[in-house]
Amino acid sequence: MRSFFVLMLICISLFSCREDVDPSQLEDYMGPTSVSYNIVLYHSDSTIVRTKLMGDKQMEFANGDYEFPEGIEIHFFEKDGEMSSTIQADKGFFDRKTNLYRGEGDVRVNNLQKNQKLNSEELFWDPDKKIIYTEKFVTVQEEGRIINGTGLEADEGFNEYQFKKVTGMLPIPGEDE
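Residues numbered from 1 in each chain as written. Predicted model: local features only at pLDDT ≥ 70, side-chain atom pairs only at ≥ 80, totals over all residues. Heavy atoms only, no water.

Novice: Even after reading the chapter, I still don't get empty space enclosed by the protein, so can you show me in this structure?
Specialist: In this approach the atoms are scanned with a rolling probe the size of a water molecule, which exposes any empty space left behind. The final tally for this structure, using the stated rule, is one cavity of 30 Å³ or more. Together, I72, I74, I87, Y101, R102, G103, L123, F124 and W125 line the largest cavity. Those elements giving two or more residues to the lining of the largest cavity turn out to be strand 4 (72–77), strand 7 (100–111) and strand 8 (116–126). (1 Å grid on protein atoms, 1.4 Å probe; cavity = no way out; pocket = protein on both sides within 12 Å on 5 of 7 lines; lining within 4 Å. Points joined across faces, edges and corners; volume = space filled by probe spheres on them. Helix = DSSP H or I, 4+ residues; strand = E, 2+ residues; numbered from the N terminus.)

Novice: I keep staring at the packing of aromatic side chains and nothing clicks. Help me out?
Specialist: On inspection of all chains with the given rule, the structure shows seven aromatic pairs. Ring centres of F124 and Y133 lie 5.3 Å apart, and the angle between their planes is 15 degrees; on these two criteria the pair is classed as stacked. Here Y133 falls in the partly exposed class, since its relative accessible area comes to 22%. One aromatic cluster is present, built from ring pairs that chain together Y66, F76, F94, Y101 and W125. Over the face of the ring belonging to F93 we find R102, whose NZ or CZ atom lies 4.2 Å from the ring centre. (Phe/Tyr/Trp six-rings, centres within 6.5 Å; stacked < 30°, edge-to-face > 60°. Buried < 20%, exposed > 50% of the residue type's maximum accessible area, 1.4 Å probe, protein only. Lys NZ or Arg CZ within 6 Å of the ring centre and 35° of its normal.)

Novice: Sorry if this is basic, but what is going on with the pairing of strand 6 (residues 91–95) here?
Specialist: Put simply, side chains in a regular strand alternate between the two faces of the sheet. Pairing between strand 3 (residues 66–68) and strand 6: three bridges, direction antiparallel. When the sheet's bridge partners are listed, E67 is paired in strand 6 with F93. Here strand 6 pairs with strand 7 via five bridges, running antiparallel. Bridge assignment links D95 to a residue of strand 7, and that residue is L100. In this structure, the hairpin formed by strand 6 and strand 7 is closed by a connection of four residues, where N99 is found at a positive phi of approximately 55 degrees. (Pairing = 2+ DSSP bridges.)

Novice: Would you explain the side chain of N111 in this entry?
Specialist: Within the fold, N111 resides in strand 7. Engagement of the side chain of N111 in a polar contact is seen with the side chain of N159, the distance being 2.9 Å. (Polar contact = N/O pair within 3.5 Å; in protein donor to acceptor, adjacent residues only side chain to side chain.)

Novice: So what exactly am I meant to see when it comes to the nonpolar core here?
Specialist: If you look at soluble globular proteins, the nonpolar side chains tend to sit buried side by side. Among the nonpolar cores identified, the biggest contains 24 residues, and I87 and I132 are the most heavily contacted of them. Residue assignment for this core shows that the elements contributing at least two residues are strand 3, strand 4, strand 5 (83–89), strand 7, strand 8, strand 9 (131–142) and strand 10 (145–155). Leave out the neighbours within four places in its chain, and I87 touches I72, E73, I74, F76, V107, R108, V109, L123 and I132. (Core = buried A, V, L, I, M, F, W, Y, C linked by side-chain atoms within 4.5 Å. Contact = heavy atoms within 4.5 Å.)

Novice: Can you walk me through unusual backbone geometry in this structure?
Specialist: Negative phi values dominate among residues other than glycine, just as trans dominates among peptide bonds. Positive phi values are uncommon outside glycine, yet T47 reaches one of about 65 degrees. In this structure, T47 sits in the loop between strand 1 (34–45) and strand 2 (48–60). Relative accessible area serves as the criterion here: at 78%, T47 is assigned to the exposed category.

Novice: Looking at this structure, I do not really get the pattern of salt bridges. What am I missing?
Specialist: Opposite charge on two side chains allows them to pair when their charged atoms are near. For the structure on display, the rule yields six salt bridges. Across the salt bridge formed by E135 and K164, the nearest N and O atoms sit 2.6 Å from each other. Of the two residues, E135 is situated in strand 9 and K164 in strand 11 (residues 161–171); the sequence distance between them amounts to 29 residues. The exposure class assigned to E135 is partly exposed, which follows from its relative accessible area of 48%. One salt bridge in this structure joins R145 and E142, with 2.5 Å as the shortest N-O distance. Taken together, the shared-partner salt bridges in this structure form one network comprising R102, E104 and E122. (Salt bridge = Lys/Arg side-chain N within 4 Å of Asp/Glu carboxyl O.)

Pasting the structure below:
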């Protein structure tokens, strides 16, 4: 009798219902693997803080990329510790493969020492080359004038910059030209 039950169990398990799953119908999860809030990251060189990156929300993905959906702010510091410039964007991204940060939306760069301001809808920061750049429309405001153009490359501190194409230059009313 015992062997009959064992045989029945084997038969039932062999003929039990099974639904075949088509592997092509299964999708890989592409969403974030972790989410952090109120992050502050410091980059230093020889124990001297050179950049401070802040975001209200950071999402990390399996490939090592990051997204800052609620905005990103980066502060740049001189060797003496004085903050020299800032970058702010409505949304930020970090691409691990290319080691590039990208700001989107209302992107603002402010050189605190020269009182220069840059506005664009997209801006890249390359920490390896220590440059910022964009191919999009840019407005730069500096003492006495506003310059509009398309495409720009500058050092990460926004001290020296070069437009790819200047489309307009206006004096600021009430300021020396």
